[in-house]
Amino acid sequence: MALKLPISHFTPTIVTYLLIFTTTPHILALNITDILSPYPNLSEFSALLSSTNAVAADLSHRISITLLAVPNSYLTSSTSADITRRLSPSSLADLLRYHVLLQYFSASDLRQIPSSGILVTTLFQTTGRATSNLGSVNISRNPTTSTISISSPVSYSPNVTVLSLIKTLPYNITILSVNSLLVPAGFDLMASESRPPLGINITKALIDGHNFNVAASMLAASGVVEDFEADEGGAGITLFVPTDIAFSDLPNNVKLQSLTADKKAVVLKFHVLHSYYPLGSLESIVNPVQPTLATEETGAGRFTLNISRVNGSVAIDTGIVQAAVTQTVFDQNPLAIFGVSRVLLPREIFGKESTVPSKPGTAVMGSAQPPDNSLSPENSPGLDGPSSHLTSPPDLRQDITSSGDDDIFNFKRSCGIVALFCIASLYVLV
């Protein structure tokens, strides 16, 4: 006799899982101001972040970070207040970037920090304005008291102490409260002037480079070059400019000139990072998936570039095209211009269904499935609370890449088919 199970016992569970799989949105970025808003004792620090638009923009493109936040009572002390009063807006922005660690630390990760310390890169290091590794911090833990200290890598720099773990969203962000502002070694606290504008004609720099006439003409005709020169915003910019040969090697089915003016501008902005990266910083970049100026216009997770080191060169992967940095055209803080071997074609425009075919002797990289970077449910243990369990190494979950609407649709459709199959099977059992 067949065992009959009431279908009503199972349907709600199946439907619940179906709803979770098909309706849960992918969170593409972290809004630091919103995350800090439930904590009144961090309101002054949050206000500082909000007052520096460049830092807020940088943070909106980052996940997998640890933020060192200074509570109001410490931030309004005479020392910290004096520091923030002295600094120009651009210097204050760099100081705040020094409080953003480009690595996620869970409570268990913090408990495992050795007494000898570990060196961690900060957002300030990515600007290229830090000498050597002085844009990094050294984090150490006293095995006797379990006190965690953070300082500049130089031995004479003062420490700040971690007071508590405020919040952690696994693999995306941890917020630690510290007892003082952390100042990079050699940082000029007396700087009062704002940093000068770029002061360079980008189009002329490309023409002087001799191999970039097509790119120079497109930039001048589109008008976006003026946006680039006005968009330094404290962090600088980095341009990847295809050579004339790269344009001549475009497949016949790629018609850049036939794009609408808006799409053409997006493609050009897809070649620009909103941070200054000298070649050495590109070669050792911490977060390989980088937002572009096109990302800022279209939304986080879209129009990103994957930057890595391949065979001794800097490789740039768009998901359908892989290019290599071939030369440095211009490098003077806050502007870097690099020549690249291929036109960077975004998959959001040239898509999977119109994947660009490769010409003989060239490689077109397939689009890899992005990691799942959805925010986990809030989990805020203290430093001595239960350990968090990593389901995958944190360094594989540093930035989100968008898999496109087609991928999301196919994923939802697959989940629906699986759920309907399960329901049908239960009816057979009944």
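Residues numbered from 1 in each chain as written. Predicted model: local features only at pLDDT ≥ 70, side-chain atom pairs only at ≥ 80, totals over all residues. Heavy atoms only, no water.

An unreviewed UniProt entry lists the protein chain under the name FAS1 domain-containing protein, with Acer yangbiense as the source organism. Its UniProt record gives the protein chain the following Subcellular location (unreviewed entry) comment, quoted word for word: "Cell membrane". The heading Sequence similarities (unreviewed entry) in the UniProt record of the protein chain holds the text "Belongs to the fasciclin-like AGP family." (UniProt positions renumbered as here; feature names shortened; annotations may be inferred.)

## Here's the deal with the packing of aromatic side chains
The geometry of an aromatic ring pair is captured by two quantities: the separation of the ring centres and the angle between the planes. Taken as a whole and judged by the stated rule, the model has four aromatic pairs. On the basis of an interplanar angle of 90 degrees and a centroid distance of 6.1 Å, the ring pair of Tyr 98 and Phe 124 is categorised as edge-to-face. Of this pair, Tyr 98 sits in the loop between helix 7 (89-97) and strand 2 (100-101) while Phe 124 sits in the loop between strand 3 (118-121) and strand 4 (136-141), and the two are 26 residues apart along the sequence. The exposure class assigned to Tyr 98 is buried, which follows from its relative accessible area of 0%. (Phe/Tyr/Trp six-rings, centres within 6.5 Å; stacked < 30°, edge-to-face > 60°. Helix = DSSP H or I, 4+ residues; strand = E, 2+ residues; numbered from the N terminus. Buried < 20%, exposed > 50% of the residue type's maximum accessible area, 1.4 Å probe, protein only.)

## Focus on unusual backbone geometry
For Ser 146, which is not a glycine, the phi torsion comes out positive at approximately 65 degrees. Here Ser 146 lies in the loop between strand 4 and strand 5 (148-151). One non-glycine residue, His 210, adopts positive backbone phi at about 75 degrees. Among the secondary structure elements, His 210 is positioned in the loop between helix 9 (202-208) and helix 10 (213-222). You can call His 210 exposed: its relative accessible area is 61%.

## A word on the nonpolar core
With 50 residues, the main nonpolar core has Phe 45, Leu 49 and Ile 139 as its most contacted residues. When residues in this core are grouped by element, the largest group, five residues, is from strand 6 (residues 160-169). Apart from the residues within four sequence positions on either side, Leu 49 is in contact with Ile 32, Leu 36, Val 55, Ala 56, Leu 59, Leu 67 and Leu 96. By size, the runner-up hydrophobic cluster in this structure holds 32 residues, among which are Ile 202, Phe 212, Ile 237 and Phe 247. (Core = buried A, V, L, I, M, F, W, Y, C linked by side-chain atoms within 4.5 Å. Contact = heavy atoms within 4.5 Å.)

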